[in-house]
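# Notes for the structure review
So the chains spell out like this:
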Amino acid sequence: MQYDINGTIAPCVRFDPSAGETAWVSSGGLMSYTDGIAWQIKVPGGAGGAVRRMLAGEGAGLTFVTAERDAGRFTVTASEPGRIVPWSLDEDGPVVTTRGAFLAAWGADVDIDVTIARRAGAAIFGGAGLLLQKISGRGSALVHVSGDLDERTLGPGEELTVSTGNLAAFSRDVDYDIVAVGSVGKFFFGGEGLFMTKLTGPQHGQGRVLLQTLKRGVTVATKG
């Protein structure tokens, strides 16, 4: 599916699909569409998927967009300032997204599900949540990072410690846990909390990590 990312502070994505092409869009992410585009609310995974998605902090359903004919166009956007990052499921593999980071996905056999955090500690203290969205299959996805993007590549066993809320998405093969960052004094005066998320590169190959400079839900003040 052809698309263009436009804008800098709060970008949008304009899709130019061929007849019969479809896409999943995050709840509330459909900004506009022309004649020839139809959409409906669908729940990946049925009733069980709806429950898992709600526990993950996402909407129960997603917007399912269908191009009924050529020349139809639609635009999607996120609800916060940030960057929109393409993720190739064919080249980069499945992606795991934290709350609010999934924007859209399309392609053959694209599957959107909820996965359980591998380590209970990361779920409770790491800021990523117990249940995370996993997008897999053949196709592409778009990830929204809040603020600016800091992209990392982790080699086998390479570790990266991330502040709570700054993790947007990562390759499925990347492992994550929590690590204590120090004393109670750091907790009260350092602004980072007692724990941070630790990411570890896969045993084989490399893992892609998308970090966001703003924690999700932070309001940006502007001069005016």
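Our structure is the block above this text.
Residues numbered from 1 in each chain as written. Predicted model: local features only at pLDDT ≥ 70, side-chain atom pairs only at ≥ 80, totals over all residues. Heavy atoms only, no water.

## Observations regarding the sheet that holds strand S18 (residues 195-200)
Rules: One requirement defines pairing of two strands: DSSP has to find at least two bridges between them. Counting from the N terminus, the helices are the DSSP runs of H or I reaching at least four residues and the strands are the DSSP runs of E reaching at least two. For helices, the fitted axis covers only the stretch in contact; all axes are lines through C-alpha atoms, and the angles between them, taken along N-to-C directions, range from 0 to 180 degrees.
In spatial order, the strands read S15-S18-S17; together these three strands make up an open sheet with antiparallel pairing. The open sheet is flanked by strand S15 (159-162) and strand S17 (175-180), the only strands paired with a single partner. Each neighbouring strand pair of the sheet contributes to a mean axis angle of 30 degrees, computed without reference to strand direction. For S15 and S18, the ladder comprises four bridges, and the chain directions are antiparallel. Along S18, the bridge assignment pairs Val162 with Thr197.

## Things to note about the pattern of salt bridges
Condition: For this document, the term salt bridge refers to a Lys or Arg side-chain nitrogen within 4 Å of an Asp or Glu carboxyl oxygen. Buried, partly exposed and exposed residues are distinguished by accessible area as a fraction of the type maximum, computed with a 1.4 Å probe on protein chains only: under 20%, between the cut-offs, and over 50%, respectively.
On inspection of all chains with the given rule, the structure shows six salt bridges. Note that Asp16 and Arg73 form a salt bridge whose closest N and O atoms lie 4.0 Å from each other. Linking Asp16 in strand S2 (residues 12-16) with Arg73 in the loop between strand S6 (62-67) and strand S7 (74-77), this pair joins segments that are 57 residues apart in sequence. Linking Arg152 and Asp150 is a salt bridge whose minimum nitrogen-to-oxygen distance equals 2.9 Å. Among the residues examined, Asp150 registers a relative accessible area of 27% and is labelled partly exposed.

## Topic: the sheet that holds strand S4 (residues 30-33)
Read from one edge of the open sheet, four strands run S1-S2-S7-S4, paired in antiparallel fashion. The outermost strands of the open sheet, each flanked by one partner alone, are strand S1 (2-6) and S4. Each strand of the sheet is rotated relative to its neighbour by a mean of 20 degrees, with strand direction disregarded. Direction of pairing for S2 relative to S7: antiparallel, over a ladder of four bridges. Paired with Phe15 across the strands is Phe74, a residue of S7.

## A few points about the pairing of S1
Here S1 runs beside S2; their pairing, made up of five bridges, is antiparallel. In the strand pairing of S2, Asp4 is matched with Arg14. Linking S1 back to S2 in an antiparallel pair, the connection comprises five residues, with Gly7 at a positive phi of about 100 degrees.

## Let's talk about the side chain of Thr63
For clarity, the threshold we go by: Working rule for contacts: check all heavy atoms of both residues, and any pair within 4.5 Å makes them a contact.
Here Thr63 is to be found in strand S6. With relative accessibility at 5%, the residue Thr63 sits in the buried group. The residues touching Thr63, leaving out its near neighbours within four places in the chain, are Ala23, Trp24, Val25, Ser26, Leu30, Trp39, Gln40 and Ile41.

## Some remarks on the nonpolar core
Here is the rule: We define the nonpolar core as a collection of buried residues of types Ala, Val, Leu, Ile, Met, Phe, Trp, Tyr and Cys that are connected through side-chain atoms lying within 4.5 Å of one another.
Membership of the largest hydrophobic core comes to 19 residues, with the highest contact counts inside it found for Phe102, Ala105, Ile112, Ile135 and Leu210. At the level of elements, S6, strand S8 (82-88), strand S10 (102-106), strand S13 (140-146) and strand S16 (167-171) are the ones that each hand at least two residues to this core. No other element matches S13, which puts three residues into this core. Setting aside anything within four residues of it in sequence, one finds Ile135 in contact with Leu89, Pro94, Val95, Thr97, Phe102, Ala105, Val110, Asp111, Ile112 and Ala141. Val13, Phe74, Trp106 and Leu142 belong to the second-largest nonpolar core, a separate cluster that totals 14 residues.

## Quick notes on the packing of aromatic side chains
Put simply, the test is: Two rings from Phe, Tyr or Trp (for Trp, the six-membered ring) form a pair when their centres sit within 6.5 Å of each other. Planes less than 30 degrees apart are called stacked, planes more than 60 degrees apart edge-to-face, and all others tilted. We call a charge positioned over a ring when the NZ of a Lys or the CZ of an Arg lies within 6 Å of the ring centre and within 35 degrees of the ring normal.
Scanning all chains against the criterion turns up five aromatic pairs. On the basis of an interplanar angle of 70 degrees and a centroid distance of 5.3 Å, the ring pair of Tyr3 and Trp106 is categorised as edge-to-face. Taken together, the residues span a long stretch of sequence, with Tyr3 in strand S1 and Trp106 in strand S10 at a distance of 103 residues. Owing to a relative accessible area of 27%, Tyr3 belongs among the partly exposed residues under this scheme. A residue is classified by how much of its surface remains accessible, and Trp106, at 7% relative accessible area, is buried. Look at Phe15 and Phe74: their rings are 4.7 Å apart centre to centre, the planes differ by 10 degrees, and that puts the pair in the stacked class. Here Phe15, found in strand S2, pairs with Phe74, found in strand S7; they are 59 residues apart in sequence, far enough to count as distant. The class of Phe15 is buried, set by a relative accessible area of 1%. Classification of Phe74 by relative accessible area gives buried; the value is 2%. Each member of the aromatic cluster is reached from another via a ring pair, and the members are Tyr3, Phe15, Phe74 and Trp106. When the ring centre of Phe64 is taken as origin, the NZ or CZ atom of Lys42, which lies over that ring, is 4.3 Å away.

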